[in-house]
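# Coordinates in review
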Amino acid sequence: MSTPLLSSGRDAVIVAARRTAVGIGKPERGIFSGIHPVDLSTHPLRAVLDDTGLDPALVDDVMWGCVSQVGEQSFNVGRNAALAAGLPEHVPGMTIDRQCGSSQQAIQSAAAAIIAGYADIVVAGGVEVMSRVPMFSSVAGADPYGPLMHERFPDLGNQGVGAELIAKRWGLARGELDEFSVRSHQRAAAATASGMFADEIVPVETGDGTVAADQGIRGDSTVERLATLPTPFVADGVVTAGSASQISDGAASVLMMTSATAAELGLVPIARVHSVAVVGSDPILMLTGPIPATAKVLERAGLGIADIGAFEVNEAFAPVVLAWLRETGADPELVNPRGGAIALGHPLGASGARLTTTLLHHMRQNGIRYGLQTMCEGGGMANATVYELV
């Protein structure tokens, strides 16, 4: 069995992983709508340092994902978050945009820097406060593609249309999507009620009190109720707001280093970054990237789908995960066992690190050796990561 990320003699491990609860990303309803994105970032960033007792002066870099890098999320939100969290001035920060996979890419980039020997200790994560910086704010009416892109891909559409195209190609019926969505809420509600999220969520004080639970979970959701929702992307389509991820606010962070550094500091790692992959995919369908990304990362890891004990596949839209299940043959019971973005929400730049945090805590609590995380991304891309419990 190959372990490609160990070939240099160095590895990359995660010693702490924390996230905020996820709030609804609407100004009039969101529990975090009164908190600046930089300030919200400080909570999981500080938590991974406090959990380990690490001297912040030892951090070599902060790598932070964020999609809408405009307004309050501009001017390098990663660097600003590091300073706002009280890290010394000599600790730099950077902000990464790989669309919805931005903070998963931050983790993969941190692993690469650590394994290469360019850094020893990195904080990686991300933020998105969509109630304050709405999706597409950075576009502001402009065309982000340009004439040559349109010439090559004249049928460019939005992600909702892509989800409908996926549902059509894989023959996914409306009822199947709604059942999947209800199951996401049920799993998230059960995980919350049983305290499964307690170790991963860092409480945040707001003007309305302490927030330590995800806001968007609807444990009483039913297929019958979802069946009444309109299909906004395609007339007589199958995708609704109920089978799509929620617009959300949140932040998440992991603390990374080599296992040798962890041993020197007396820290016990949660998991090793075993293998990583990133792929491009059809920008019209846009959301099928997790399928080839999963195949690529498993090949690099020397593992098969049956070797993976838990999966986190971002629920941008229900067809994304259902098509992925059809193609990979993964056990549905092992996929998003604590619910996914349909129930928990999708704070774009934070979601990659949120999935990592949830996956690693689930692996540790259940003694699962290998976990795999993947997510689709705007423009037709996907990241995939295999983690190994240590």
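Each remark here, short or long, concerns the structure printed above.
No experiment lies behind these values; they were computed from the predicted model shown. Per chain, residues are indexed from 1 in the order of the written sequence. With the structure being a predicted model, the display of local features is reserved for residues of pLDDT at least 70 and the display and counting of side-chain atom pairs for 80 or more, all residues being used for whole-chain, interface and lining totals. The basis for the side-chain values is all heavy atoms of the structure; hydrogens and waters are excluded.

### Some details on helix α1 (residues 37–52)
The end-to-end C-alpha distance of α1, which contains 16 residues, comes to 24 Å, matching closely the 22 Å that a straight helix rising 1.5 Å per residue would cover. Partly exposed residues are those whose accessible area sits between 20% and 50% of the maximum for their type, while under 20% is buried and over 50% is exposed, using a 1.4 Å probe and protein chains only. Where helices and strands are cited, they refer to DSSP runs of H or I of at least four residues and of E of at least two residues respectively, numbered from the N terminus. Taken together, the buried positions of α1 are occupied by Pro 37, Val 38, Leu 40, Ser 41, Thr 42, Pro 44, Leu 45, Ala 47, Val 48, Leu 49 and Thr 52. Contacts are assigned to residue pairs that have any heavy atoms within 4.5 Å of one another. Lining the buried residues of α1 we find β1 (13–19), β3 (61–65), α2 (77–84), β5 (121–129), β6 (204–206) and β8 (248–257). Within two residues after α1, Gly 53 carries a phi angle of roughly 70 degrees, on the positive side. In this analysis, the expected span of each helix is defined as 1.5 Å times one less than the number of residues it contains.

### A look at empty space enclosed by the protein
Detection works on a 1 Å grid of protein atoms alone, calling trapped sets that fit a 1.4 Å probe cavities and calling open sets with protein on both sides within 12 Å along at least five of seven lines pockets, with lining residues defined by an atom within 4 Å of a point. Grid points are joined across faces, edges and corners, and a volume is the space filled by probe spheres set on the points. Taken as a whole and judged by the stated rule, the model has one cavity of 30 Å³ or more. As a volume, the largest cavity reaches approximately 80 Å³. In this structure, the largest cavity is lined by Phe 180, Arg 183, Ser 184, Arg 187, Glu 315, Leu 325, Pro 332, Val 335, Asn 336 and Gly 339. The dominant element in the lining of the largest cavity, judged by the number of residues it contributes, is helix α6 (residues 174–193), at four residues. Looking at the lining of the largest cavity, its residues break down into four nonpolar, three polar and three charged. Here the nonpolar group is Ala, Val, Leu, Ile, Met, Phe, Trp, Tyr, Cys and Pro; Asp, Glu, Lys and Arg are the charged ones; every other residue, Gly included, is treated as polar.

### Considerations on the side chain of Thr 288
For Thr 288, the position within the fold is in the loop between β9 (271–280) and α9 (290–301). Judged by its relative accessible area of 12%, Thr 288 is buried. In this view, Thr 288 contacts Ile 166, Trp 170 and Ser 281; residues no more than four positions away in its chain are not counted.

### As for the pattern of salt bridges
Salt bridge, as used here, is a side-chain nitrogen of Lys or Arg placed within 4 Å of a carboxyl oxygen of Asp or Glu. If you walk through the whole model with that rule in mind, you get 14 salt bridges. The salt bridge involving Arg 369 is made with Glu 388; its shortest N-O contact spans 3.0 Å. Here Glu 388 lies in strand β12 (residues 381–389) and Arg 369 lies in the loop between α12 (348–366) and β11 (370–377), a separation of 19 residues in the sequence. Given a relative accessible area of 10%, Glu 388 falls into the buried group. Residues joined by salt bridges that share partners form a network here, namely Asp 11, Arg 272, Arg 369 and Glu 388.

### Regarding the environment of Gly 219
Tracing the backbone through its elements, the reader meets Gly 219 in the loop between β7 (209–211) and α7 (223–226). Overall, the relative accessible area of 44% leaves Gly 219 in the partly exposed class. As for Gly 219 and Val 297, which are separated by 78 residues in sequence, their C-alpha atoms are 34 Å apart. The contacts of Gly 219, once residues within four sequence positions are left out, are His 185, Gln 186 and Ala 189.

### Some remarks on the layout of surface pockets
Put simply, the largest pocket is a space of about 1,300 Å³. Met 130, Met 135, Phe 136, Ile 247 and Phe 317 are, among the 44 residues lining the largest pocket, the residues nearest its centre. Those elements that provide at least two residues to the lining of the largest pocket are α5 (159–169) and α7. Considered class by class, the residues forming the lining of the largest pocket number 21 nonpolar, 18 polar and five charged.

### Comments concerning α12
Its 19 residues place the ends of α12 28 Å apart at the C-alpha level, agreeing with the 27 Å of an ideal helix rising 1.5 Å per residue. At the C-terminal side of α12, Gly 367 shows a positive phi close to 60 degrees.

### Some thoughts on the nonpolar core
The biggest cluster of nonpolar side chains holds 42 residues, and the ones touching the most others in it are Leu 287, Phe 311, Phe 317, Trp 324 and Val 335. Put simply, the parts of the chain that give this core at least two residues each are α5, α6, β9, α9, β10 (310–313), α10 (318–328), β11 and β12. If one sorts the elements of this core by residue count, α10 sits on top with seven residues. Ignoring anything within four residues of it in the chain, the contact list for Trp 324 reads Pro 290, Ile 291, Thr 294, Phe 311, Val 313, Ala 330, Val 335 and Thr 374. What makes a nonpolar core is a set of buried Ala, Val, Leu, Ile, Met, Phe, Trp, Tyr and Cys residues whose side-chain atoms join them at distances within 4.5 Å. Counting residues in hydrophobic clusters, the runner-up holds 40 residues, among them Phe 32, Leu 45, Ala 191 and Ala 262.

### Things to note about the side chain of Glu 200
Looking at the element boundaries, Glu 200 is found in the loop between α6 and β6. A distance of 2.6 Å separates the side chain of Glu 200 from the side chain of Arg 19, its partner in a polar contact. Excluding residues within four positions of it along the chain, Glu 200 makes contact with Ala 17, Arg 18, Arg 19, Arg 338, Thr 357, Thr 358 and His 361. Polar contacts here mean pairs of N or O atoms no more than 3.5 Å apart (in protein, one a potential hydrogen donor and the other a potential acceptor; neighbouring residues in sequence count only if both atoms are side-chain atoms).

### As for the packing of α6 against α10
Viewed as axis vectors pointing N to C, α6 and α10 meet at an angle of 100 degrees, and their least axial separation amounts to 9 Å. It follows from the interaxial angle that α6 and α10 lie roughly perpendicular. Contact residues: α6 offers Glu 176, Leu 177, Phe 180 and Ser 181, while α10 offers Ala 318, Pro 319, Val 321, Leu 322 and Arg 326. Tallied by class, the residues present in the contact of α6 with α10 amount to six nonpolar, one polar and two charged. Throughout, an axis means a line fitted to C-alpha atoms (over the contacting stretch in the case of helices), and angles, computed between N-to-C directions, take values from 0 to 180 degrees. Roughly parallel means an angle under 35 degrees; roughly antiparallel means over 145; roughly perpendicular covers 65 to 115; every other angle is labelled oblique.

### Structural notes on the packing of α9 against α10
What describes two packed helices is the angle between their axes and the distance between those same axes. Running from amino to carboxyl end, α9 crosses α10 at an angle of 45 degrees, the nearest separation of the two axes being 9 Å. Accordingly, the angle class assigned to the pair α9 and α10 is oblique. The handedness of the crossing between α9 and α10 is right-handed. Here α9 contributes Pro 290, Ile 291 and Thr 294 to the contact with α10, which in turn contributes Val 320, Ala 323, Trp 324, Glu 327 and Thr 328. Considered class by class, the residues forming the contact of α9 with α10 number five nonpolar, two polar and one charged. Note on convention: near helix rotated counterclockwise from far helix by under a right angle means a left-handed crossing. Clockwise means right-handed.

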